Amino acid sequence: MYNFSFHNPTRILFGQGEIARIGECIPAQARILITYGGGSVVRFGVLDEVKAALGERFCLEFGGIEPNPSYETLMPAVELIRRNNIDFLLAVGGGSVIDGTKFLAAAACWIGSDPWDILLDGGATVQKALPFGAVLTLPATGSEMNCGAVISRNVTRVALPAANGANAGVSLITKSQHDKLVFSSPLVYPQFSVLDPTKSYTLPAQQTANGIVDAFVHILEQYLTFPVDAKVQDRFAEGLLLTLLEEGPRVLADPQNYDARANLMWAATMALNGLIGCGVPQDWATHMLGHEITALHGLDHAQTLAVVMPSLMQAQRDVKRQKLLQYAERIWDLHDRDDDKRIDLAISRTRDFFESLGINTRLADYGIGSEALDALVAKLDQHGRYPLGERQDITLERSRTILAAAI
Ligand code: NZQ
Ligand code: ZN
């Protein structure tokens, strides 16, 4: 096992009715901005419940944070925060709202350059951020208990020298950008998160399934690498995978089953709160390739993972061999004497599981063919985040092979 330092400062309020206690976690004099998404929390009464719990505190609202939250949407909120001396943020929604709020927390305190620079250096230079809490409505990302966020930028304004003559100067043109980048900083852990499983009852089946796949792949990114004799992390990861395999189908069949929803919610949080990743190698190539697919083609985050993961397992089967065999035995109960056959079956069972949840696992299912490969690989190149993988052996060429095999 590698050395590690683990500190997760997020307080979790878990269970039905816990929204009522958020007042205990926010200073009485706080000037709060509540952030939310496209309106589900308004429609289903979660926002009203949150406002009731805040009592007489000063409170503004900023809605409209979209899935795959964008810089363009968020920047007006930075202005709102500064203008109104907001000193506490409260995210009410799924991963996109929480990630967007992390960006706001850091951007509101950012001095000097364009806050997009926070994404360009991955969060390394964030010096200060506003405190914030979260009320989770969609179990999936783990954002409610981690310090990472993923923000997209769709267009950029580029300065062009203006035509010569008396009005010489610059004019601005709008250029497509399609970037989806990650930042992380210990300053953007939520101070608290409310995990009330009943708030996930209203999710469309598609979003519930997305959450199951996202959490499943988060675990694989930290587990399916190479062994370092980290028994606690391995068995925690296996427990979470088995929980998702059991509870995923149960939740889809019975959306108002409290216990199934509760198990799913806690498993998704535990999948990416830093615990199972302590002291072990991590991969994350599936996520990095997936982010480019979302940025260029608009697939949901989990759809991209369902497409890339089986293909990556296949392409990396030699470097991941020992852990793939462990995964085959302990998760899929496969005991064939032929090692390669066990690995083949483990990969196809994984694909079948995603498909059984209603998530397609081929790029072609989303209308994407080989004509898309050049642009996807060019974006990876542009972002300079390679080679990828736990052994840093996923080069641009290998990324292309993985994407091609995913069609
Ligand atoms: O916007 P509203 O109207 O609220 O509707 C949302 C949205 O359309 C809806 N929804 C959420 N809770 C609901 C609900 N509808 C009915 N009832 C409820 N209780 O679901 C839709 C999707 O929401 P979104 O927040 O986008 O989904 P998710 O939680 O899957 O977040 C995805 C984002 O998180 C990033 C992804 O890249 C993507 O941008 N990730 C963040 C990570 C992190 N911070 O650690 C890690 C992940 O790997 C991931 O990359
Ligand atoms: Zn993810």
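Residues numbered from 1 in each chain as written. Chains lettered and ligands numbered in written order. Predicted model: local features only at pLDDT ≥ 70, side-chain atom pairs only at ≥ 80, totals over all residues. Heavy atoms only, no water.

*Asks:* Hey, could you run me through the nonpolar core in this one?
*Replies:* Note on soluble globular proteins: their nonpolar side chains tend to be buried together. Core analysis: the biggest nonpolar cluster contains 63 residues, and Phe216, Ile219, Tyr327 and Trp332 have the highest contact counts within it. Considering every element that reaches this core, the biggest residue donor is helix α6 (residues 205–223), with 9 residues. In this view, phenylalanine 216 contacts Leu241, Leu244, Leu245, Tyr327, Trp332, Thr350, Phe353 and Phe354; residues no more than four positions away in its chain are not counted. (Core = buried A, V, L, I, M, F, W, Y, C linked by side-chain atoms within 4.5 Å. Buried < 20%, exposed > 50% of the residue type's maximum accessible area, 1.4 Å probe, protein only. Helix = DSSP H or I, 4+ residues; strand = E, 2+ residues; numbered from the N terminus. Contact = heavy atoms within 4.5 Å.)

*Asks:* Even after reading the chapter, I still don't get the packing of helix α11 (residues 321–330) against helix α12 (residues 339–356), so can you show me in this structure?
*Replies:* The relative placement of two packed helices comes down to the angle between their axes together with the axis-to-axis distance. Where α11 contacts α12, the two axes come as close as 9 Å, and the packing angle between them is 70°. For the element pair α11 / α12, the angle class is roughly perpendicular. When the axes of α11 and α12 are compared, the crossing they make is left-handed. Every residue of α12 that contacts α11 at Arg321, Leu324, Leu325, Tyr327, Ala328 and Glu329 is listed here: Asp339, Asp340, Arg342, Ile343, Ala346 and Thr350. Class assignment of the residues belonging to the contact of α11 with α12 gives a composition of 6 nonpolar, 1 polar and 5 charged. (Axes fitted to C-alpha atoms, helices over the stretch in contact; angles between N-to-C directions. Parallel < 35°, antiparallel > 145°, perpendicular 65-115°, else oblique. Left-handed = near helix turned anticlockwise from the far one by under 90°. Nonpolar A, V, L, I, M, F, W, Y, C, P; charged D, E, K, R; others polar.)

*Asks:* So what exactly am I meant to see when it comes to the domain arrangement of the chain here?
*Replies:* Interfaces are often sized by the accessible area lost when the parts come together. What the domain assignment lists for the chain is domain 1 (11–149 + 181–195) and domain 2 (203–405). Taken over C-alpha atoms, the centre of domain 1 sits 27 Å from the centre of domain 2. In this complex, domain 1 contributes 21 residues to the contact, which on the side of domain 2 involves 21 residues. For the domain 1 and domain 2 pair, buried surface summed over both sides reaches about 1,700 Å², with 66% attributable to carbon and sulfur atoms. Between the two partners, domain 1 and domain 2, sit 0 salt bridges. Our enumeration of links across domain 1 and domain 2 arrives at 3 residue pairs in polar contact (both at pLDDT 80 or more). Listed by contribution, the elements that provide at least two residues to the side of domain 1 that touches domain 2 are β1 (11–14), α5 (117–120) and β7 (170–184). In terms of residue class, the side of domain 1 that touches domain 2 is made up of 12 nonpolar, 8 polar and 1 charged. (Domains from an automatic or database assignment. Buried area = accessible area lost by both parts, 1.4 Å probe. Salt bridge = Lys/Arg side-chain N within 4 Å of Asp/Glu carboxyl O. Polar contact = N/O pair within 3.5 Å; in protein donor to acceptor, adjacent residues only side chain to side chain.)

*Asks:* Looking at this structure, how should I read helix α2 (residues 46–54)?
*Replies:* Since the α-helix advances by 3.6 residues per turn, residues separated by three or four positions end up pointing in the same direction. All buried positions along α2 are accounted for by Val46, Leu47, Val50, Ala53 and Leu54. Buried residues of α2, seen end-on, are gathered within an arc of 125° and therefore sit on one face of the element. The outward face of α2, more than 90 degrees from its buried face, is lined by the exposed residues Asp48 and Ala52. In the core, the buried residues of α2 are packed alongside β2 (31–36), α1 (40–43), β3 (58–62), β4 (88–93) and β5 (132–136). The positive-phi residue at the C-terminal boundary of α2 is glycine 55, with phi of around 60°. (Arc of directions from axis to C-beta.)

*Asks:* Before we go on, may I ask you to explain the coordination of the zinc ion (ligand 2) in this structure?
*Replies:* Six octahedral donors at a metal ideally form angles of 90 or 180 degrees, and four tetrahedral donors ideally form angles of 109.5 degrees. Coordination of the zinc ion (ligand 2) by the protein comes from Asp214 (OD), His218 (NE2), His287 (NE2) and His301 (NE2), over a distance range of 2.0 to 2.2 Å. When the donors of the zinc ion (ligand 2) are listed by position in the chain, the intervening gaps give D-x3-H-x68-H-x13-H. Remark: histidine 301 occurs in helix α10 (residues 301–315) and histidine 287 occurs in helix α9 (residues 285–297); sequence separation between them is 14 residues. According to the relative accessible area criterion, histidine 287 is buried, its value standing at 5%. A relative accessible area of 17% places histidine 301 in the buried class. (Donors = N, O, S within 2.8 Å, 3.2 Å for Na, K, Ca; no water.)

*Asks:* So what exactly am I meant to see when it comes to α10 here?
*Replies:* Its 15 residues place the ends of α10 21 Å apart at the C-alpha level, agreeing with the 21 Å of an ideal helix rising 1.5 Å per residue. Its maximal kink placed at valine 308, α10 deviates by approximately 25°, while the proline proline 310 follows within four residues. Most of α10 sits inside the fold, with 13 of its 15 residues counted as buried. (Expected span 1.5 Å × (residues − 1). Bend = angle between axes of the 7 residues up to and from the residue.)

*Asks:* Would you take a moment to explain the environment of leucine 345 for this structure?
*Replies:* Looking at the secondary structure, you find leucine 345 in helix α12. For leucine 345, a relative accessible area of 30% gives the class partly exposed.

*Asks:* Quick question: what am I supposed to make of the pattern of salt bridges here?
*Replies:* Oppositely charged side chains are able to pair whenever their charged atoms sit close together. Scanning the model with the defined rule gives 21 salt bridges in all. Here arginine 21 and glutamate 24 are joined by a salt bridge, their closest N and O atoms 3.4 Å apart. Connected via shared salt-bridge partners are Arg11, Glu18, Arg21 and Glu24.

*Asks:* What is the right way to read the packing of aromatic side chains from this model?
*Replies:* Aromatic ring pairs are described here by two measures, namely the spacing of the ring centres and the angle between the planes. One pass over the structure, following the stated rule, counts 9 aromatic pairs. Summarising the aromatic geometry, the rings of phenylalanine 216 and phenylalanine 353 are spaced 5.3 Å apart at their centres and angled 50° between planes, so their arrangement reads as tilted. With phenylalanine 216 in helix α6 and phenylalanine 353 in helix α12, the pair connects residues that are 137 residues apart, well separated along the chain. Under the relative-accessibility criterion, phenylalanine 216 is labelled buried at 0%. Given the relative accessible area of 7%, phenylalanine 353 is considered buried. Relative to phenylalanine 354, the ring of phenylalanine 353 has its centre 6.2 Å away and its plane inclined at 45°; by these criteria the two rings are tilted. The burial state of phenylalanine 353 is the same as that of phenylalanine 354; both residues are buried. In this structure an aromatic cluster arises from ring pairing among Tyr71, Phe103 and Trp116. The lysine or arginine in question, arginine 31, covers the ring of phenylalanine 58, its NZ or CZ lying 3.9 Å from the ring centre. The cationic tip of lysine 323 hangs over the ring face of tyrosine 223; the distance from NZ or CZ to the ring centre is 4.6 Å. (Phe/Tyr/Trp six-rings, centres within 6.5 Å; stacked < 30°, edge-to-face > 60°. Lys NZ or Arg CZ within 6 Å of the ring centre and 35° of its normal.)

*Asks:* Is there a simple way to think about the site of ligand 1 in this case?
*Replies:* Neighbouring ligand 1 are 33 residues, the closest being Gly38, Ser40, Gly95, Ser96 and Asp99. Contact distances for ligand 1 include 2.7 Å between a nitrogen atom and a side-chain N or O atom of aspartate 99. Lysine 199 has a polar backbone atom sitting 2.9 Å from a nitrogen atom of ligand 1. For ligand 1, the protein covers 88% of the area, taking 970 Å² as the surface of the free molecule. Residue assignment for the shell around ligand 1 shows that the elements contributing at least two residues are α4 (95–107), β6 (148–161), α6 and α9. In the shell around ligand 1, the residues fall into 10 nonpolar, 19 polar and 4 charged. In terms of domain composition, the shell around ligand 1 takes at least three residues from each of domain 1 (11–149 + 181–195) and domain 2 (203–405). (Near = heavy atom within 4 Å. Areas by Shrake-Rupley, 256 points an atom, 1.4 Å probe, with all protein chains shown as cover.)

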